[in-house]
Each structure stands twice: as C-alpha cells, then as structure tokens.
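Examining the three-dimensional arrangement
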Amino acid sequence: ERAHQAMTAVGQRLVNRAFRLVTLLAPPFDHAMPNPGYIRGYQPGVRENGGQYTHAAIWSVMAWAKLKQAEQAWEVFDMINPVRHTDTPEGVAQYQVEPYVMAADVYGIAPHQGRGGWTWYTGSAAWMYRLMLESLLGITIQDGRMSFKPCMKPGWQRFELSYRQGETTYDIAVHLQSNSEESAALLCDGERLQTDYLELLDDGQRHTVEVRLVP
C-alpha cells in the first residue's frame, strides 16, 4: 500500500506531461531555502536540483511496472523516450539535443523546460535497456535461466524478439491467450516445458520459443 501511495505522489507531483519529463524533486532548491548540499550547486531546474535526472525517471517506470500499473508505466516510458521528444518540429526546437541517445538530464523549469542536457550518457542508456527488456517486456535471466513476466502494454496482444546466447538464437513470441480459461504455457521448438523458465543453451542452433500468457 505504501508503495502505491508513493508512486501516486510521483505521478501527481513529479511527472510533467506538458514537457515530457519526470523531475527528481519539486520545487527545486534556491538560495532562500536550507542548503541541501551538493545539488544546490546546480541552478534551480537543472539536473538533480529539480530537473529530470534520467536514472531516477527510469527507476520510477520500473516501479510502476513492478506494481503492475501497466498504463502508467508505458505512458511515462513513452514520455522519457528521447525519440518522442523530437517527433514534431516544436519538440526538436525544445529538446535541442540528439534524439537517438540518452540524456543524463532534462531541464525542469522555465525558460529551458524540456531541453536535454548531458547526452551520450551510458549509465542512463544501460538502465533504459534494462527497463525495456526486463521491466516492460519481462525478460530476465538468472543462472542461465530465462523467465518471462511482462508488463504488457495496454492494447497489445503480442510481441516478438530475438535473443542471442553465444552462437545460439532464440526467436521468442509472447502473446495473450484469446480464451481466459486456457492455462499459461511455455514452449520451446513446439514442446511444452514443465517449468516456468527456459534453460538457455549455446548449441549453435536456432530455437523458437512461445510464451502463452493468461489475460
């Protein structure tokens, strides 16, 4: 319950839909406030001081996905996706940085709201990859076993991806059952597995995997 309350507060206080960003805190610290230390070295609305610090924005989407709040998770993921910042001429003029890499931060207050900051930021890129693959598509690997617990985007019935393990390729299709009375199932090369995970092999072959989910 506390987790749901906390994420409701994030959605209400920190998600800025007009400028497509998630600020780290609000309002930003200025010199009239008690000094919080390091972050006040930035101007109000920049980086950790009231701007979007992209690591934390990504973690918020991970939290919504973990709480199975798919609509909120996918909405905010779409907002912080750099490609979506530049899908209109107005967005390009506002964002002002490359749309094909992650920015460490996005400015949070006027007159630069929505402007991207430090780009080519590999830390945020790595977290964004994990968000997409693990939290949203639900593909996790531990001890050589692949598990499937997707946070399916509302309206989706199916998605596909390919995963390479050494010299071996797994073509994976994940879909919702059309009949809610059918049971969940995991199949590899047409054979139904008795486990809820896939043992990954590196046998140099190409395998097909089907994940059937219950609606």
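Further up the page is the structure itself.
Here the structure is a predicted model, which is why all the values come from computation and not from measurement.

As a further point, take helix α1 (residues 2-13). Compared with the 16 Å implied by 1.5 Å per residue over 12 residues, the 16 Å span of α1 between its first and last C-alpha is a close match. Those residues of α1 lying buried are M7, V10 and G11. Along the axis of α1, the buried positions cluster into a sector of 95 degrees, meaning they face one direction only. Within α1, the exposed residues directed more than 90 degrees away from the buried face are R2, Q12 and R13. On its buried face, α1 sits against β1 (15-16), α2 (54-66) and α3 (70-80).

Here we take up the sheet that holds strand β5 (residues 139-142). Read from one edge to the other, the open sheet built from 3 strands follows the order β5-β6-β11, with strand pairing classed as antiparallel. Both outer strands of the open sheet, β5 and β11 (197-199), are each paired with one neighbouring strand and no more. Strand-to-strand twist across the sheet, computed as the mean angle between neighbouring axes with direction ignored, equals 25 degrees. Of the pairings in the sheet, the one linking strand β6 (residues 145-148) to β11 comprises 3 bridges and is antiparallel in character. Across the sheet, residue M146 finds its bridge partner in β11, namely L198.

Right, let's get into the pairing of β6. By the alternation rule, side chains of β6 split into M146 and F148, which are all buried, and R145 and S147, of which none is buried. Across 4 bridges, the pairing between β5 and β6 is antiparallel. Residue pairing for β6: I141 is matched across the bridge by M146. Connecting β5 to the antiparallel partner β6 that follows it, the hairpin turn spans 2 residues, and D143 within it adopts a positive phi of roughly 55 degrees.

Our focus in this paragraph is the sheet that holds strand β12 (residues 206-213). Taken in spatial order, the 5 strands line up as β7-β8-β12-β9-β10 in an open sheet, and their pairing is mixed. What marks the edges here is a single partner per strand, and that holds for β7 (158-165) and β10 (191-192). As paired elements, strand β8 (residues 168-176) and β12 share 8 bridges and run parallel to each other. Paired with D171 across the bridge in β12 is T208.

Right, let's talk about the pattern of salt bridges for a bit. Counted under the stated rule, the structure contains 11 salt bridges. Across the pair E48 and R47 runs a salt bridge whose closest N-O atoms are separated by 3.7 Å. With a shortest N-O distance of 2.7 Å, D87 and R84 are connected by a salt bridge. The exposure class of D87 is partly exposed, given its relative accessible area of 44%. The exposure class assigned to R84 is partly exposed, which follows from its relative accessible area of 30%.

Turning our attention to the packing of aromatic side chains. Overall, the coordinates contain 7 aromatic pairs when judged by the stated rule. A centroid spacing of 5.6 Å and a plane angle of 90 degrees characterise the contact between W59 and W127, whose relative ring orientation is edge-to-face. On the criterion of sequence distance, the pair formed by W59 in helix α2 and W127 in helix α5 (residues 122-136) is long-range, its members being 68 residues apart. The class of W59 is partly exposed, set by a relative accessible area of 41%. Using a relative accessible area of 27% as the deciding quantity, one classes W127 as partly exposed. Taken together, a centroid distance of 5.0 Å and an interplanar angle of 55 degrees make the contact between W74 and W156 tilted. Highlighted residues: W74 in helix α3 and W156 in the loop between β6 and β7, separated in sequence by 82 residues.

Reading the values: the criteria
Residues numbered from 1 in each chain as written. Predicted model: local features only at pLDDT ≥ 70, side-chain atom pairs only at ≥ 80, totals over all residues. Heavy atoms only, no water. Helix = DSSP H or I, 4+ residues; strand = E, 2+ residues; numbered from the N terminus. Expected span 1.5 Å × (residues − 1). Buried < 20%, exposed > 50% of the residue type's maximum accessible area, 1.4 Å probe, protein only. Arc of directions from axis to C-beta. Contact = heavy atoms within 4.5 Å. Pairing = 2+ DSSP bridges. Axes fitted to C-alpha atoms, helices over the stretch in contact; angles between N-to-C directions. Salt bridge = Lys/Arg side-chain N within 4 Å of Asp/Glu carboxyl O. Phe/Tyr/Trp six-rings, centres within 6.5 Å; stacked < 30°, edge-to-face > 60°.

Honestly, it's all geometry; don't read function into it.
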